[in-house]
Amino acid sequence: MAEDINQLMKVRREKLAALQEEGKNPFEITKCEVSHHSQEIKDQYDELEGTEVTVAGRLMSKRVMGKASFCNVLDRDGSIQGYVARDEVGEDSYKAFKKFDIGDIVRMEGKVFTTKMGEISIHVTGIELLSKSLQILPEKFHGLKDTDIRYRQRYVDLIVNPEVRDTFIKRTRIISEIRRFLDDQGFLEVETPVLVPMAGGAAARPFVTHHNTLDEDLNLRISLELYLKRLIVGGLERVYEIGRVFRNEGLSIRHNPEFTLLECYQAFTDYYGMMDLAENLYRQVCQNVLGTTKISYDGVEIDFAKPFERLTMVEAVKKFAGVDFDAIQDVEAARQAAKDHHIEYEERHGKGDILNLFFEEFVEEKLDQPTFIMDHPVEISPLAKKKKDNPEYTERFELFITKREMCNAFSELNDPIDQKERFMKQEEMFAAGDEEAHHLDEDFICALEYGMPPTGGIGFGIDRLVMLLTDSAAIRDVLLFPTMKTLGKENQ
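What comes next concerns the included structure. Along each chain, numbering runs from 1 in the same order as the chain's sequence is written. Per-residue local features of the predicted model are confined to residues with pLDDT of at least 70, and side-chain atom pairs are confined, for both listing and counting, to 80 or more; whole-chain, interface and lining totals are unaffected and use all residues. The side-chain values count all of the structure's non-hydrogen atoms but skip hydrogen atoms and water molecules.

1. Section: the overall build of the protein
This is how it is decided: In this text, helices come from DSSP runs of H or I with a minimum length of four residues, and strands from runs of E with a minimum of two, each type numbered from the N-terminal end. Relative accessibility thresholds used throughout: buried, under 20% of the residue-type maximum; exposed, over 50%; partly exposed, between the two (1.4 Å probe, protein chains only). For this analysis, residues touch if any pair of their heavy atoms sits within 4.5 Å. Computed by Shrake-Rupley with a 1.4 Å probe, the accessible areas treat only the displayed protein chains as cover when residues are assessed.
Looking only at helices and strands, the protein has 16 helices and 20 strands in total. Its C-alpha atoms give the protein principal-axis dimensions of about 90 × 50 × 50 Å. Counting across all 492 residues of the protein, residues that qualify as buried make up 48%. Relative to all contacts within the protein whose residues are 6 or more apart in sequence, the contacts with residues 24 or more apart total 64%. By element, 49% of the accessible surface of the protein is carried by carbon and sulfur atoms, the whole surface being about 24800 Å².

See the structure below:
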């Protein structure tokens, strides 16, 4: 099979060499005027019937039948059929057309008509080779199914799998709609550093690099949070950023070390304001991108028009695990409950950490429908404001849909003294072996000391949102170029 493909590729190169010898090198063509795209022609057929149009794209099929042939050309919107007759295009052009290969980039002009079979097509009067394809596309009946090749060669995946192209078009539209939603509410889109001296704002290990001129190590950011809060201190009031963040962690169907995060911060509101923002954002994005508030993900029906459920973490653990942490008075009682329910914990874990372990074990897998899990323990929420009536917990929530955390939000901690104490506690955890603990950021503390207004903040994983709205099973299916081991190193 490999020998056959190599022979076919050799033939393509020989065709290219022959064209170059004839002074018809397709790679010397610099532009092509396109009047219409395939879907536009189909949508506006009544107006365009009999009109001369010019399309350009990739030749995906060709059926040569003596003096007349049919072909299909794929452009950005889809494919359209061309009827190519020798008497219309001329003998030389028809002879050249017959030598075209599947995958070649071509220009096709002619009049719009409908075939006897009822297919909207172009009656071709001129066809030209614009670029020669020297590789062999996957056989059309089997397509490109190998996921490793699909992810490594996304360009081929986009050519031969229309549903993949549709996913990434939707991704772009989802991000555009998010921007529209936030812009309409007075948020300013900003940019913050990717290379930072201190990677804070999340519990994750950073990637470390070295700046030669400064002769110091820097980190790729793991979050957008701390710099955006500095802008709230500066008086911008409503800010957001959509950007790449980098976490030196494992690969899975839900995790990629490099992913896209949306974070936004709004002065003079709290985590309830962020709940309303999240619910309305999901509703509007789904409606405007998909044309409906109802979706199906992995067979689960979800309607974003319905109010999202709201449960505290304590309520959720009591509901699904039957353990009431309001009745657990201290860490010893929490550890005993963990033992009784076969949950492993570490000596450094406090009562709140163990509550979170219960949540992860018994609750997450039950949360298919949109559910806000509120009031997280202070031990796992170093950047969130404590609840006034119960300081063991914070004004924080996570939104879960289809068993996955979709966003994380707080009433932001704006007390610099409390914040520094929590950072110091995180430093102790890091020293005790927690590689994902937060570090003390002195400049951020300095910013808070100037005064930050009461603020609500929220972070959304854009990739998980796209997965949800496109019914994609793995994060790699919604990343154009996911992180993968370099070829040749897979077994090292």
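2. Quick look at helix H10 (residues 271–290)
Just so we agree on the cut-off: Expected helix span is taken as 1.5 Å per residue step, with the number of steps being one fewer than the number of residues.
With 20 residues, H10 extends 28 Å between its outermost C-alpha atoms, agreeing within 8% with the 28 Å of an ideal straight helix rising 1.5 Å per residue. In the stretch just after H10, glycine 291 is the one whose phi turns positive, near 80 degrees.

3. Focus: the sheet that holds strand S11 (residues 258–267)
Put simply, the rule is: Two strands qualify as a pair provided that DSSP identifies no fewer than 2 bridges between them.
Strand order in this open sheet of eight strands is S6-S10-S11-S20-S19-S18-S15-S14, and the pairing throughout is mixed. Single-partner strands in this sheet number two, and they are strand S6 (188–189) and strand S14 (309–312). Relative to strand S20 (residues 455–461), S11 runs antiparallel, the two being bridged by seven bridges. Each residue of the ladder has a partner; that of cysteine 264, found in S20, is isoleucine 458.

4. Focus on the packing of H10 against helix H16 (residues 462–470)
What counts here: Helix axes are fitted to C-alpha atoms over the stretch in contact, other axes to C-alpha atoms as well, and angles between N-to-C directions run from 0 to 180 degrees. Roughly parallel means an angle under 35 degrees; roughly antiparallel, over 145; roughly perpendicular, 65 to 115; everything else is oblique. By definition, turning the near helix anticlockwise from the far helix through less than a right angle yields a left-handed crossing, and turning it clockwise yields a right-handed one. All residues other than Ala, Val, Leu, Ile, Met, Phe, Trp, Tyr, Cys, Pro, Asp, Glu, Lys and Arg, Gly among them, are scored as polar; the first ten of these are nonpolar and the last four charged.
For the pair H10 and H16, the least separation of the axes is 12 Å and the interaxial angle reads 50 degrees. It follows that H10 is oblique to H16 by the angle criterion. For the pair H10 and H16, the sense of crossing is right-handed. Contacts from Tyr282, Val285, Cys286 and Leu290 in H10 reach Leu465, Leu468 and Leu469 in H16. Within the contact of H10 with H16, the residues separate by chemical class into seven nonpolar, no polar and no charged.

5. Notes on the environment of glutamine 39
Relative to the helices and strands, glutamine 39 resides in helix H2 (residues 38–43). Judged by relative accessible area, which is 33%, glutamine 39 ranks as partly exposed. Along the backbone, glutamine 39 and aspartate 77 are 38 residues apart, and their C-alpha atoms lie at a distance of 5.8 Å.

6. Examining empty space enclosed by the protein
As a reminder of what qualifies: With a 1 Å grid spanning the protein atoms alone, the term cavity applies to any set of points in which a 1.4 Å probe fits but cannot get out, the term pocket to an open set with protein on both sides within 12 Å along at least five of seven lines, and the term lining residue to any residue with an atom within 4 Å of a point. Grid points are joined across faces, edges and corners, and a volume is the space filled by probe spheres set on the points.
Enumeration over the complete set of coordinates arrives at one cavity of 30 Å³ or more. Size it by volume and the largest cavity reaches roughly 80 Å³. A per-element tally of the lining of the largest cavity places helix H9 (residues 225–233) first, with three residues. Tallied by class, residues from the lining of the largest cavity come to eight nonpolar, three polar and three charged.

7. A look at helix H11 (residues 313–321)
This is how it is decided: Note: the arc covers the axis-to-C-beta directions of the helix.
Those residues of H11 that fall on the buried side of the exposure criterion are Met313, Val314, Ala316, Val317 and Ala321. One face of H11 carries all of its buried residues, which in axial projection span an arc of 160 degrees. Taken together, the buried residues of H11 touch S14, helix H13 (351–362), strand S15 (371–374) and strand S17 (390–394). Just downstream of H11, glycine 322 is the residue with a positive phi angle, here 75 degrees.

8. Some remarks on the sheet that holds strand S9 (residues 216–220)
Spatially, S7-S9-S8 is the arrangement adopted by the three strands of the open sheet, whose pairing is antiparallel. Sheet topology places strand S7 (195–196) and strand S8 (208–211) at the edges, where each strand pairs with a single neighbour.

9. Comments concerning the nonpolar core
Inclusion rule: Definition used in this section: a nonpolar core is a set of buried Ala, Val, Leu, Ile, Met, Phe, Trp, Tyr and Cys residues joined via side-chain atoms within 4.5 Å.
Counting 45 residues, the largest nonpolar core has Ile178, Tyr282, Phe304, Phe397, Ile458 and Leu468 as its most contacted members. For this core, the element with the highest residue contribution is H10, accounting for ten residues. Beyond its immediate sequence surroundings of up to four residues, phenylalanine 304 is in contact with Tyr282, Arg283, Cys286, Thr293, Ile295, Pro370, Ile401, Leu468 and Leu469. In terms of nonpolar packing, the next biggest core, distinct from the first, is built from 23 residues, Ala338, Leu357, Val363 and Tyr393 among them.

Treat this as a map of the structure, not an account of what it does.
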